[in-house]
Amino acid sequence: MKSLVFNFPFPSPLGALITQGMGAEEGRFLLKSFPDGESYLRLESPVKDRSVLINAPLVHPNGWILDLLFLSDTLRAQEAKQVILVAPYLAYMRQDKIFHPGESLTSATFAHLLSTHVDSLITVDPHLHRYHNLSELYSIPTTVVHAAPLISAWIHENVQDPFLIGPDAESSQWVKEIAKDLPFIVLNKTRHADGHVRITWPQEVTIGNKTPVFVDDIVSSGETLLEALAHLKNQGTKAPICLAIHPIFAGNAYEEIKAAGVHKIVTCNTIPHPSNQIDLSPLLLKALKEFQQ
Ligand code: R5P
């Protein structure tokens, strides 16, 4: 019996590639709201004894996490063989510590919630900073896919004489992996309580005639990139390229970064966005194959 792929909350180009690449069938469900805002969900595909995958980029999850749980519980209630969650972007990884007394460790609560409603999780480069492994958080089997090989290939094919820049210490894990033989630098960032960031640029490092390429895992408010970009202005470099794995682009972040004199913004398709140029479906399909064996 073919596996089923449910694209949640709506169809996405990545979901279509995964469904096709797996030779799976698209899972159908009806989701609507009652006048008071409560949800109604009904499965329209028979799922009994079938492997089911939910593809859900967990961006802005608060609005629909409950609906995702309704879907996974309904799949289980109708005896799907297993429910695998493919969350190319895994939300709630950044509050990985109680920074100030009284704060909620939202990463732990979110992980507990997902761990009790799906059988396994596949994701792309989760924001592992103070946690070193997803198993510190998730009690279900997890697989992490790394975008670095495809980002590295994109840079090698598309950018002449690149100089890679990681905006903060956390980014060093991706930048080093992506750079391989290319020159790179990792900057120092401090984030203030109000969300503003301050980045320092080591005086002895200049980009010269090379093409600056910023690489970060997440772009959310855009503060990090905008602050890092400001340093290049002082150096009068070529217009930079900004590369990110997870394009959240909250509020006007995308427009603000574009207006800051960048040549190009390129992202991976973990979250659907017009800047998606690096397709990670080959890596996810490989992981799914190994996962299902
Ligand atoms: C932080 O440690 C991450 O690696 C990103 O640099 C950060 O999430 C970017 O966020 P924002 O765009 O809000 O500055």
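Rules used throughout
- Residues numbered from 1 in each chain as written.
- Predicted model: local features only at pLDDT ≥ 70, side-chain atom pairs only at ≥ 80, totals over all residues.
- Heavy atoms only, no water.
- Core = buried A, V, L, I, M, F, W, Y, C linked by side-chain atoms within 4.5 Å.
- Buried < 20%, exposed > 50% of the residue type's maximum accessible area, 1.4 Å probe, protein only.
- Helix = DSSP H or I, 4+ residues; strand = E, 2+ residues; numbered from the N terminus.
- Contact = heavy atoms within 4.5 Å.
- Near = heavy atom within 4 Å.
- Polar contact = N/O pair within 3.5 Å; in protein donor to acceptor, adjacent residues only side chain to side chain.
- Areas by Shrake-Rupley, 256 points an atom, 1.4 Å probe, with all protein chains shown as cover.
- Nonpolar A, V, L, I, M, F, W, Y, C, P; charged D, E, K, R; others polar.

Undergrad: Could you give an account of the nonpolar core, naming the residues involved and the relevant values?
TA: Grouped together as the largest cluster of nonpolar side chains are 40 residues, with contacts concentrated most on Leu58, Leu68, Leu75, Leu114 and Tyr138. Counting only elements with at least two residues in this core, the list comes to β1 (4-7), β4 (39-43), β5 (51-55), α2 (65-77), β6 (82-87) and α3 (106-115). With residues up to four places along the chain from it excluded, the contact list for Leu75 reads Phe6, Leu43, Val47, Val52, Ile54, Ala80 and Val83. Residues Leu53, Val159, Ile278 and Leu283 belong to the second largest nonpolar core, which totals 35 residues.

Undergrad: Quick rundown of the site of the ligand? Include the residues and the values.
TA: Taken together, 15 residues lie around the ligand, and Glu170, Asp216, Asp217, Ser221 and Thr224 are the ones closest in. Measuring from an oxygen atom of the ligand, one finds a side-chain N or O atom of Arg191 at 2.9 Å. For the ligand, an oxygen atom lies 2.6 Å from a polar atom in the side chain of Asp216. Coverage of the ligand by the protein chains reaches 94% of its 380 Å² of free accessible surface. Looking at the shell around the ligand, the elements that each hand over two or more residues are β11 (188-191), β13 (211-219) and α6 (223-235). Split into classes, the residues belonging to the shell around the ligand amount to 2 nonpolar, 5 polar and 8 charged.

Undergrad: Outline the side chain of Ser171, supporting the account with residue identities and numerical values.
TA: Within the secondary structure layout, Ser171 lies in the loop between β9 (162-166) and α5 (172-179). Of the polar contacts made by the side chain of Ser171, one reaches the backbone oxygen of Asp168; its length is 2.5 Å. In this view, Ser171 contacts Gly166, Val186, Val215 and Asp216; residues no more than four positions away in its chain are not counted.

Undergrad: Kindly report on unusual backbone geometry, identifying the contributing residues and their values.
TA: The amide bond that connects Phe8 to the next residue, Pro9, takes the cis arrangement and shows omega of 0°. Examined against the element boundaries, Pro9 turns out to sit in the loop between β1 and α1 (13-22). With a phi angle near 45°, His60 is a residue other than glycine that sits in the positive phi range. Inspection of the secondary structure assignment puts His60 in the loop between β5 and α2. Although it is not a glycine, Tyr92 sits at a positive phi angle of roughly 55°. Examined against the element boundaries, Tyr92 turns out to sit in the loop between β6 and α3. By relative accessible area, Tyr92 is classed as partly exposed at 28%.

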